[in-house]
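Residue-level listing of the chains:
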Amino acid sequence: MEIVQYDPKYRDAFIEYNTDWIEEYFGHLEEEDYETFAHIDEEIRNGGMIYFAIEGDTVLAACMTKPMSPTTWEICKLCSNKHREHSGSGSAVFAAAMQWAEDHGAKRLFIITNSQLKPAIHIYEKYGFKELKLGDYGYERGDIAYEKILS
């Protein structure tokens, strides 16, 4: 397995894998999802990054990070290939996205997710994220948030 930065040739896999799990768990994409997918290249130009776990030429997992402010970055769109064994690939791309954000000025990392997504939550907690209570999670499916303050 190799971890690589965003390459447009993997863009469709990123969208497909995210769409697969969102529809599987929640039935439909939300406006925010469409916005993210429509502006991937813009997010990259604005400092964000997507990391991919690749085996051969197959994407196993992906994770995006993007700035919300100069010091607060969102880790988002963690996804995996439902047709492949990929033990450790989600953690690997998540760690790479965290490192990118920190290397580019993040002092705080932020995640919105859903409490049903136990494997993802396990990854967040493994990397030291703590649950954060919000009044509005920004997504219909968002019911839990996490943050990590970087030293």
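For clarity, every value in this text was computed on a predicted model and none was experimentally measured.

### Some thoughts on the overall build of the protein
Logical step 1: Across its full length, the protein holds 5 helices and 7 strands.
Logical step 2: Secondary structure of the protein in N-to-C order comes out as β-α-α-α-β-β-β-α-β-α-β-β.
Logical step 3: Since a compact globule built from 151 residues should have a radius of gyration of about 15 Å, the 14 Å found for the protein is in line with a globular shape.
Logical step 4: Dimensions of the protein, computed from the C-alpha atoms along their principal axes, are close to 40 × 35 × 30 Å.
Logical step 5: Split into buried and exposed, the 151 residues of the protein put 49% on the buried side.
Logical step 6: In the protein, 65% of the contacts between residues at least 6 apart in sequence involve partners at least 24 apart.
Logical step 7: Counting 15 positive and 27 negative side-chain charges, the protein places the centres of these two groups 5 Å from one another.

### Some details on the sheet that holds strand β1 (residues 2-5)
Logical step 1: Read across the open sheet, the 7 strands follow the order β1-β2-β3-β4-β5-β7-β6; overall the sheet is mixed. Two strands in the sheet have a free side with no partner beyond their single neighbour: β1 and β6 (130-132). When the angles between neighbouring strand axes are averaged without regard to direction, this sheet yields 30°.
Logical step 2: Bridge analysis of strand β5 (residues 108-113) against strand β7 (residues 144-149) gives 6 bridges, and the strand direction is antiparallel. Counted as the bridge partner of isoleucine 112 is alanine 145 from β7.
Logical step 3: Across the face of the sheet, helix α4 (residues 89-103) comes into contact with β1, β2 (49-55), β3 (58-67), β4 (72-80), β5 and β7 while running at roughly 25° to β3.

### Description of the nonpolar core
Logical step 1: Counting residues in hydrophobic clusters, the biggest one holds 49 residues, and the most contacted among them are Phe14, Phe52, Phe94, Leu109 and Tyr124.
Logical step 2: Contributions of two or more residues to this core are made by α1 (11-26), β2, β3, β4, α4, β5, α5 (118-126) and β7.
Logical step 3: Not counting the four nearest positions on each side in its chain, phenylalanine 14 is found in contact with Phe37, Ile40, Ile50, Phe52, Ala62, Met64, Lys77 and Cys79.

### Here we look at the side chain of asparagine 114
Logical step 1: Along the polypeptide, asparagine 114 turns up in the loop between β5 and α5.
Logical step 2: For asparagine 114, a relative accessible area of 7% corresponds to the buried category.
Logical step 3: A polar contact of 2.8 Å, which involves the side chain of asparagine 114, links it to the backbone nitrogen of glutamine 116.
Logical step 4: In contact with asparagine 114, not counting residues within four places along its chain, are Phe26, Ile121, Arg141, Asp143 and Ile144.

### Thoughts on the pattern of salt bridges
Opposite charge on two side chains permits them to pair, given that their charged atoms come into close proximity.
Logical step 1: Under the counting rule described, the total for this entry stands at 8 salt bridges.
Logical step 2: Note that aspartate 57 and lysine 9 form a salt bridge whose closest N and O atoms lie 3.9 Å from each other. Pair noted here: aspartate 57 is in the loop between β2 and β3 and lysine 9 is in the loop between β1 and α1, with a separation of 48 residues, a long-range link. Both residues of the pair, aspartate 57 and lysine 9, count as exposed.

### Section: the environment of alanine 38
Logical step 1: Looking at the element boundaries, alanine 38 is found in helix α2 (residues 31-38).
Logical step 2: It is 16 Å that separates the C-alpha atoms of alanine 38 and aspartate 7, two residues lying 31 residues apart in sequence.

### Things to note about the confidence of the model for the protein
Logical step 1: For the protein, per-residue confidence averages 93 on the pLDDT scale, and residues scoring 70 or more make up 99% of the total.
Logical step 2: Mean pLDDT values for the elements of the protein range from 91 in α5 up to 98 in β1.

The rules behind the values
- Residues numbered from 1 in each chain as written.
- Predicted model: local features only at pLDDT ≥ 70, side-chain atom pairs only at ≥ 80, totals over all residues.
- Heavy atoms only, no water.
- Helix = DSSP H or I, 4+ residues; strand = E, 2+ residues; numbered from the N terminus.
- Rg over C-alpha atoms; globule rule 2.2 N^0.38 Å.
- Buried < 20%, exposed > 50% of the residue type's maximum accessible area, 1.4 Å probe, protein only.
- Contact = heavy atoms within 4.5 Å.
- Lys, Arg positive; Asp, Glu negative; His and termini not counted.
- Charge placed at Lys NZ, Arg CZ, Asp CG, Glu CD.
- Pairing = 2+ DSSP bridges.
- Axes fitted to C-alpha atoms, helices over the stretch in contact; angles between N-to-C directions.
- Core = buried A, V, L, I, M, F, W, Y, C linked by side-chain atoms within 4.5 Å.
- Polar contact = N/O pair within 3.5 Å; in protein donor to acceptor, adjacent residues only side chain to side chain.
- Salt bridge = Lys/Arg side-chain N within 4 Å of Asp/Glu carboxyl O.
- pLDDT = per-residue confidence, 0-100.

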